[in-house]
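What the coordinates show
So you can see what is in the structure, the chains are spelled out below.
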Amino acid sequence: QVQLVESGGDIVQAGGSLRLSCVASGSTVSINNMGWHRQAPGKQRELVASNIRTGFTNYADSVKGRFTISRDNAKNTVYLQMNSLKPEDTAVYYCNAVTSWGKVFWGQGTQVTVSS
């Protein structure tokens, strides 16, 4: 019922910035939580940041102070502003949405590569 499309992944140098976007379509009125996860080569997928409609926000310790998640409910879009990027931030970033009924949806992912 919900489709998620990420964009904004790119190759950047260490210390640079990048903004990821995720646009939801379909039954968007049912979406409660939205967030971002990432998976680096050979590593487990981890939560990066999450946001709910009421404004609750959570960040992984590794990105606090550098990344900011924001949400535009009118546009059904969630953003991830990434500043002071480090090589260890290199990963495929996935958008995630959870409805109030407990259904989970994932985007296809967008590649972020940070060179040293």
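Use the structure listed above.
What this report covers is the structure whose coordinates are included nearby. (Residues numbered from 1 in each chain as written. Predicted model: local features only at pLDDT ≥ 70, side-chain atom pairs only at ≥ 80, totals over all residues. Heavy atoms only, no water.)

1. Re the packing of aromatic side chains
- One pass over the full model with this rule turns up 0 aromatic pairs.
- Lying over the aromatic face of Y94, R45 brings its terminal NZ or CZ to 5.2 Å of the ring centre.
- Across from the ring centre of W106, 4.3 Å away, lies the NZ or CZ of R45, which sits over that ring. (Phe/Tyr/Trp six-rings, centres within 6.5 Å; stacked < 30°, edge-to-face > 60°. Lys NZ or Arg CZ within 6 Å of the ring centre and 35° of its normal.)

2. Digging into the side chain of R71
- Secondary-structure assignment places R71 in strand β7 (residues 67-72).
- This buried residue, R71, is left without a salt bridge; D72 holds the nearest opposite charge, at 8.6 Å.
- Within the structure, the side chain of R71 is placed 2.7 Å from the backbone oxygen of N32, a separation counted as a polar contact.
- Looking at R71, its side chain comes within polar contact range of the side chain of N73, at 3.0 Å. (Helix = DSSP H or I, 4+ residues; strand = E, 2+ residues; numbered from the N terminus. Buried < 20%, exposed > 50% of the residue type's maximum accessible area, 1.4 Å probe, protein only. Lys, Arg positive; Asp, Glu negative; His and termini not counted. Salt bridge = Lys/Arg side-chain N within 4 Å of Asp/Glu carboxyl O. Polar contact = N/O pair within 3.5 Å; in protein donor to acceptor, adjacent residues only side chain to side chain.)

3. Side note on the state of the cysteines
- Summed over the entire model, instances satisfying the criterion amount to 1 disulfide.
- A disulfide bridge connects C22 with C95, and the sulfur atoms are separated by 2.0 Å. Every disulfide takes its handedness from the sign of the S-S torsion; for C22 and C95 that torsion is -85°, giving left-handed. Placement of the pair is C22 in strand β3 (residues 18-26) and C95 in strand β9 (residues 91-99), with a sequence separation of 73 residues. (Disulfide = S-S within 2.5 Å.)

4. What about the nonpolar core?
- Counting residues in hydrophobic clusters, the biggest one holds 28 residues, and the most contacted among them are L4, M34, W36, L80, M82 and Y93.
- Those residues in contact with L80 that lie beyond four places of it in its chain are L18, R19, L20, W36, V48, A49, F67, T68, I69 and Y93. (Core = buried A, V, L, I, M, F, W, Y, C linked by side-chain atoms within 4.5 Å. Contact = heavy atoms within 4.5 Å.)

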